[in-house]
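Here is what each chain is made of, one letter per residue.
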Amino acid sequence: RPLKGAVEFRQVGFRYPDSDVNVLSDISFSARAGETLAIMGSTGSGKTSLLGLIPRLYEADEGAVLVDGIDNRKMELETLRRQIGYVPQEIMLFSGTVAENISWGKRDASLDEIKDAAKRAQIHETIMKLPLQYDTVIGQKGVNLSGGQKQRLSIARALVRKPAILLLDDCTSALDVRTESALLAELKDLSCTILLVTQKISSTANADTILLMDDGRLLASGSHHELMQNSLLYQRIYES
Ligand code: DGT
Ligand code: MG
């Protein structure tokens, strides 16, 4: 089976329907299937907006977003979204068991599949320490989880669907460097395409390409090595 999950932006421009200012302008980049792309940039620079165009939460106004070479506006929404795992910046868990929360996007997931996703997301061991393990109720009516535990649960939820494309919107921010790098190594193993929004330079080490955004534009892109040579801004972020 050929690897799927290539993502390409071709001169993408985008404004929210209720606004007439572009929040993204002339964005072009590509990620081959199986590659990891890290997206950095200050708050409000357009990182979340960029990710949202891939599963078509919104559509590009200019240019095109291609998934495996096909303009995603020409794809059936369900077909498009089936291959994408999206972990939003605002984690949304509901009051239910751990297993129910993980299998939320794939109701027919078996307990083995749920556990496998949890292991990869580095949350299995935490779950095994809960009173009823995978049957523990979390949320308002149950056990409270820390920010980093919620983030990993929500990553497990995306993984259980075995996506070809995984979109991670700043959802490793509460993880320590060791847990995060164990997680990223596991994800690399899945050979899905990963777009990882992050504020932490430590997360970009494993990325094939890093995009540096500012005010809706792509300031620089390249490998860590290339950006260290060519981008003063990247050097500054790295040294800070
Ligand atoms: P973050 O998460 O704080 O690091 O910021 P980003 O980089 O994820 O930025 P993003 O994409 O949320 O916002 C980019 C710009 O778009 C910013 O000026 C706020 C604006 N914006 C975001 N969401 C909406 C929306 O739903 N409607 C409108 N009109 N504007 C929005
Ligand atoms: Mg954001």
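Refer to the structure printed above.
What counts, and at which threshold
Residues numbered from 1 in each chain as written. Chains lettered and ligands numbered in written order. Predicted model: local features only at pLDDT ≥ 70, side-chain atom pairs only at ≥ 80, totals over all residues. Heavy atoms only, no water. Pairing = 2+ DSSP bridges. Helix = DSSP H or I, 4+ residues; strand = E, 2+ residues; numbered from the N terminus. Core = buried A, V, L, I, M, F, W, Y, C linked by side-chain atoms within 4.5 Å. Buried < 20%, exposed > 50% of the residue type's maximum accessible area, 1.4 Å probe, protein only. Near = heavy atom within 4 Å. Polar contact = N/O pair within 3.5 Å; in protein donor to acceptor, adjacent residues only side chain to side chain. Areas by Shrake-Rupley, 256 points an atom, 1.4 Å probe, with all protein chains shown as cover. Nonpolar A, V, L, I, M, F, W, Y, C, P; charged D, E, K, R; others polar. Axes fitted to C-alpha atoms, helices over the stretch in contact; angles between N-to-C directions. Contact = heavy atoms within 4.5 Å. Salt bridge = Lys/Arg side-chain N within 4 Å of Asp/Glu carboxyl O.

Enquirer: Is there a simple way to explain the sheet that holds strand E4 (residues 62-67) in this structure?
Expert: The strands making up a sheet associate through hydrogen bonds between their backbones, and the pairing can be parallel or antiparallel. Ordered in space as E2-E1-E4-E5, the four strands form an open sheet in which the pairing is antiparallel. Two strands lie at the open edges of the sheet, namely strand E2 (24-31) and strand E5 (70-71), each paired on one side alone. Sheet topology note: the E4/E5 ladder contains two bridges and is antiparallel. The residue bridging Val-67 from the neighbouring strand is Ile-70, located in E5.

Enquirer: Which parts of the structure should I look at to understand the nonpolar core?
Expert: One recurring pattern in soluble globular proteins is that nonpolar side chains are buried together. Among the nonpolar cores identified, the biggest contains 31 residues, and Ile-102 and Leu-168 are the most heavily contacted of them. Elements represented by at least two residues in this core include exactly helix H3 (98-102), helix H4 (111-120), helix H6 (147-159), strand E9 (165-169), helix H7 (177-189) and strand E10 (193-197). For this core, the element with the most residues is H6, which contributes five residues. In terms of nonpolar packing, the next biggest core, distinct from the first, is built from 27 residues, Leu-37, Leu-50, Leu-53 and Ile-165 among them.

Enquirer: Help me understand the site of ligand 1 in this model?
Expert: Taken together, 13 residues form the shell around ligand 1, and within it Thr-43, Lys-47, Thr-48, Ser-49 and Gln-89 come nearest. Here Gly-44 contributes a backbone N or O atom positioned 2.8 Å from an oxygen atom of ligand 1. Measuring from an oxygen atom of ligand 1, one finds a side-chain N or O atom of Gln-89 at 2.8 Å. In isolation ligand 1 exposes 650 Å². Once the protein is present, 64% of that is buried. Considered class by class, the residues forming the shell around ligand 1 number two nonpolar, nine polar and two charged.

Enquirer: Is there a simple way to explain the sheet that holds strand E11 (residues 209-214) in this structure?
Expert: In space, the six strands of this open sheet follow the order E6-E9-E10-E3-E11-E12, with mixed pairing throughout. Here the strands that pair on one side only, and so sit at the sheet edges, are strand E6 (84-87) and strand E12 (217-222). Pairs of neighbouring strands in the sheet enclose a mean axial angle of 15°, with direction left out of account. Set on the sheet, H6 makes contact with E6 and E9; between it and E6 the angle comes to about 170°.

Enquirer: Please clarify how the pattern of salt bridges should be interpreted in this entry.
Expert: Once their charged atoms are close, side chains differing in charge can pair, the charge on each being opposite to the other. Counted according to the given criterion, the structure contains 14 salt bridges. Notably, a salt bridge pairs Arg-82 with Glu-78, separated by 3.5 Å at the nearest N-O pair. Highlighted residues: Arg-82 and Glu-78, both in helix H2 (residues 77-82), separated by four residues, approximately one helical turn. Exposure class is identical for Arg-82 and Glu-78. Each is exposed. Lys-162 is the salt-bridge partner of Glu-113, the closest N and O atoms lying 3.1 Å from each other. Within this pair, whereas Glu-113 is found in helix H4, its partner Lys-162 is found in the loop between H6 and E9, the two being separated by 49 residues in sequence.

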